[in-house]
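Fold and contact review
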Amino acid sequence: MKSLTLKANTATIVEEKATKVNEGSFYQKLEFTKKRIDKLNTYRIERAINANNQSFVHVFSLLPLLIHLNYPSLPAYVENAPRGIWNFKLSDYQKHSLMSYSFQEAISDHHIKNQTHFDALYCMGSTGSITQTSLSDLDLWLCYSNTLTIEQYKLMELKITKLQEWAKTFDVDINIFLMNPEQFKTQTYSSGVTDEHSGSAQHFFLLDEFYRSAILLAGKRLLWLHLHKNEYQNAHNNPEIDLNEWIDFGDFSSLSTSEFFGASLWQLYKGINNPYKSAIKIFLLECYAHTYPKTKLISKEFKKRILSDEAIEYHFDPYQAMLELVTEHLIIRKEWIKLDRLRICFYAKAIEGEIRKNWRTEALQLLVEEWCWSEAQTTLLQNRQHWKIKQVMSHENMLIDHLLQSYRNLIHFARKYHLNPSIMTNDTDILMRRLYSVFEVLPGKVSLINPKISSNLAESAVTFIEVKAGSLMQAGWYLVNQAPKSQYDSNLRYVQYNKSPIKLIAWGYFNGIINVNTHLHTVSDNLNTQKLRQFITDLRLTFPIQASEMTQEDMHHPNKIRNLAIAINLVQDPTETITELPKKVYPSDLFNFGNAQKTLVGSVSIIYRNVWNEIRTQHFDGEDAILKALKLVSNRIYQGAASPNSVNIFCYSKYLRSDLREFVADLVHKCITIQTGCLLHADELRHLKIAGKTWQVIFRKQTVGIKQIEEQAVENRENIANPALNITKEKKAFPQKISEFASEGFLQFFFEDNQDNSFNVYVVDEKNSVESYYNCSGNKEEKIRKINKLQHNKRLKIETEVAFGSFNHPQFYQLISPNGELSIVPFQSRQHLDYLATQESKQTQSC
């Protein structure tokens, strides 16, 4: 690596050569290194403050104080919460702030240093770097070495929540992680994957980022950063080092390439909400992988420069370092398209939010000049929030292509070296389900455009055009962002195509292309503008665009319906041909009208949002449209689950609109109540007569779609399950709980322990077919590795034929019975491990 310094800086701090000092005693060298790192730390803090507004400065400056002190007169007070940071010293700003809070306690050294539960507070990530913007959050590591009691830990979590709420009042987002160095070094994960916590997805790559970007706000210094390799390894035997004054998160001596899988999954996951930052980091992961086994971690290169005898420029920037390393790598490989994408993502990340003229803007201008960008290129990216649909779609396709292609490359790297992923199974499940919900392309699923690219995609006018078979264009529906007969302009006009009108309407509505001010038009014999306007209005009043936040619990369970909307006769309306209405119309007449016994439901359009926040659609035409619709709704309602949060039935018939709406609503309600168990008997919906034909409606004991074991179904899974489980299949009833839990679209394995230390395995495939394997023996973790390897090989073959693979990674669960009640939890999850510990304790006591 040629340079890890920020070239675009007007306030360079250069230190004289330290050769003579470094030739002195160990103590002299260590003291010199401390001063050198202190100067860099101070400089980073100054840059963070100088590049941000007063609200950020206030939060940034007071956070150490509010963690060190815990008093009712101060923000985020929690009674009896742990407090105190080692060797804490008040700054002038903090002293002044204490006075403004009318803090009456005496401020003495004894008072400030009393009760130190925490070793240090560090800020990490983009803070103080060229990419820190007004939208950047603050990631902080609150380090503790003495184990907090369970009660203290919970109290501190509550205080952290209050600190986050306090910071939010200043429009500053903060994330505080409780970090125990000893647990970190042993890779003991106290938290699974959350929106901010990577769980077991990455360890060394997280440490690499921490070491290269850490800013000490209060407390102890980092041992690894101050010592050469041999000095670090012998630190415990060095009498000149008091280890009580240091923080040690470990080194990279056991850096494992098996982490590439989990780390790349994590970056894809973070890319959902932070596409540009994740794009840069996944570029770095690729660079690390391509240079394996001679991987140059940035943190190691940074440390090498810090400890060198040469003069040091103290403006090392971790994000600039990533840019320079990956740029050099891509130039060597002559990957010019990737290099262009890297620069676009880097610049887009660096100009997010409020643009204030400071050292960052000057640094970015120097980069732009180095890249030989035109003014038009920078202006285009600077105006990103004003982009409309065509530009946004093109840009998002670039981002998704990069993220997924890089992910695939890293998976190939892992296979090349025959690596077993180090990420825990339960963390993989969470990440895969979230990625599946966002990136998986499925029939009927509406692709949602990332709002971080442009927050306003609303068009002034859109037209829905129906094209019939036999035309020069593909039959189906087209969305044009112009009014009919507008002057054609290929640069302004954008067309989105779909066979289904409902999916196209949902795509426009949920992506914000259609809003209250959009003029709607149609060119169709079946869907007129009046109907379309009414439908969009009905959606707006009953089906919110903004989804409620997903919880971890949601991701652990099937993707059941949360919001449901059904439109009757939006596209095909048989009532239009009715010439005379009878005086009395009975509900049964609606599906068997007149002498011709004609059904008055010509089309059923369905839109629903599930608990994973996917938008799914389905459209049915013809005599059996209502049957297909009822079956679909029933298949998406899981037995024992709660009813959807909202169910809305709309009807757009010319005649008998309210009658049809009420009758269909009643049928839908019965299907839902039967499936959820609110209605104990299905007799009320045993038969339906439609267009003169009688249909039998069957509700099975298992969730609709879950099948009893059949030889044909088992054979489909033979090659996956048998070699890994080494057991013969049997025809027996599987636990009912699996029927309630299984989720279509995923390959799921459920382990059930037996009294003789053997275990049963129930395999539910993507179509919810079930097969059972009994009295299995051996190590579950080893069998999971075999199953994963088989699936990897299967997907590798598929991925050679498509642009990128599926996120349908095998998922593993454990059946447990706490308090005698059967439940399903992710394998190796906290619930699973706690249950095992409880069982082991009971066995010990009984002995």
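Residues numbered from 1 in each chain as written. Predicted model: local features only at pLDDT ≥ 70, side-chain atom pairs only at ≥ 80, totals over all residues. Heavy atoms only, no water.

As annotated in an unreviewed UniProt entry, the protein is Class I adenylate cyclase from Mannheimia pernigra.

The subject of this paragraph is the pattern of salt bridges. Summed over all chains, the structure comprises 20 salt bridges. Linking K445 and E614 is a salt bridge whose minimum nitrogen-to-oxygen distance equals 3.2 Å. Linking K445 in the loop between α19 (425–439) and β7 (461–467) with E614 in the loop between β12 (603–610) and β13 (615–621), this pair joins segments that are 169 residues apart in sequence. Assessed through its relative accessible area of 1%, E614 is described here as buried. (Salt bridge = Lys/Arg side-chain N within 4 Å of Asp/Glu carboxyl O. Helix = DSSP H or I, 4+ residues; strand = E, 2+ residues; numbered from the N terminus. Buried < 20%, exposed > 50% of the residue type's maximum accessible area, 1.4 Å probe, protein only.)

The next thing to look at is the pairing of strand β21 (residues 811–816). In terms of residue burial, β21 counts as a mostly covered element, since 6 of its 6 residues are buried. Neither face of β21 is exposed, since Q811, Y813 and L815 on one face and F812, Q814 and I816 on the opposite face are all buried. Bridging between strand β18 (residues 748–753) and β21 involves 5 bridges; their strand directions are parallel. Residue pairing in the sheet places F751 in a bridge with Q814 of β21. With 4 bridges joining them, β21 and strand β22 (residues 823–826) adopt antiparallel strand pairing. Bridge pairing links L815 to I824 in β22. The hairpin formed by β21 and β22 contains 6 residues between the paired strands, and N819 there has a positive phi angle of roughly 60°. (Pairing = 2+ DSSP bridges.)

To continue, consider empty space enclosed by the protein. Any space left empty among the atoms is revealed by the rolling of a water-sized probe across them. Scanning the entire structure with this criterion turns up 6 cavities of 30 Å³ or more. Looking at the largest cavity, its volume works out to about 170 Å³. In terms of lining, the largest cavity is formed by 15 residues, of which the most central are I37, N41, Y122, A214 and L225. At the level of secondary structure, the elements contributing two or more residues to the lining of the largest cavity comprise α2 (26–50), β4 (215–219), β5 (221–222) and α9 (223–226). Per-element tally for the lining of the largest cavity: the top contributor is α2, with 5 residues. Class assignment for the residues of the lining of the largest cavity results in 10 nonpolar, 2 polar and 3 charged. (1 Å grid on protein atoms, 1.4 Å probe; cavity = no way out; pocket = protein on both sides within 12 Å on 5 of 7 lines; lining within 4 Å. Points joined across faces, edges and corners; volume = space filled by probe spheres on them. Nonpolar A, V, L, I, M, F, W, Y, C, P; charged D, E, K, R; others polar.)

Moving on to helix α6 (residues 150–168). Counted at 1.5 Å a residue, the expected span for α6 with its 19 residues is 27 Å, and the 27 Å between its end C-alpha atoms agrees. For α6, every residue scored as buried is listed here: L155, M156, K159, I160, L163, W166 and A167. For α6, the arc enclosing every buried residue in end-on projection is 150°, short of the 170-degree limit, so these residues lie on one face. Exposed residues lying more than 90 degrees from the buried face of α6 are I150, E151, K154 and E165. Lining the buried residues of α6 we find α3 (54–68), β2 (138–143) and β3 (174–179). (Expected span 1.5 Å × (residues − 1). Arc of directions from axis to C-beta. Contact = heavy atoms within 4.5 Å.)

Counting buried positions along β7 gives 6 out of 7 residues, so the element sits mostly inside the fold. In this structure, β7 lies alongside strand β10 (residues 519–523), joined through 5 bridges in parallel fashion. Bridge pairing in β10 places I465 opposite V523. When β7 meets strand β8 (residues 476–480), the two strands line up antiparallel, connected through 5 bridges. By the bridge assignment, I465 is partnered in β8 with Y478.

What follows is about the sheet that holds strand β1 (residues 120–124). Strands sit in the order β3-β2-β1-β4 across an open sheet of 4 strands; the sheet is mixed. Lying at the two open borders of the sheet, with one neighbouring strand each, are β3 and β4. Between one strand and the next, the sheet's axes are offset by a mean angle of 20°, whatever the strand orientation. Alignment of β1 against β4, held across 4 bridges, turns out to be antiparallel. In the sheet register, A120 faces β4, and the bridge partner there is G219. Most of the contacts of α6 go to β3, to which it runs at about 160°, and overall it touches β2 and β3. Along the sheet face, helix α8 (residues 204–213) touches β1, β2 and β4 and points at about 95° away from the line of β1. (Axes fitted to C-alpha atoms, helices over the stretch in contact; angles between N-to-C directions.)

Quick look at the environment of D340 now. Here D340 lies in helix α15 (residues 336–350). According to the relative accessible area criterion, D340 is partly exposed, its value standing at 35%. Between the C-alpha atoms of D340 and T327, which are 13 residues apart in sequence, the distance is 9.6 Å.

Mapped onto the elements, R83 comes out in the loop between α3 and α4 (92–100). Engagement of the side chain of R83 in a polar contact is seen with the side chain of Y71, the distance being 2.8 Å. (Polar contact = N/O pair within 3.5 Å; in protein donor to acceptor, adjacent residues only side chain to side chain.)

On to the sheet that holds β12. Strand order across the open sheet formed by 4 strands is β13-β12-β11-β14, with mixed pairing between neighbours. Two strands in the sheet have a free side with no partner beyond their single neighbour: β13 and β14 (646–651). Pairwise comparison of adjacent strand axes, ignoring direction, gives a mean angle of 10° for this sheet. As defined by bridge partners, strand β11 (residues 561–568) adjoins β14 across 6 bridges and the pair is classed as parallel. Residue N563 lies in a different strand from β14, and its bridge partner there is S646. Across the sheet, helix α24 (residues 657–676) lies against β11 and β14, angled at about 150° from β14, the strand it touches most.

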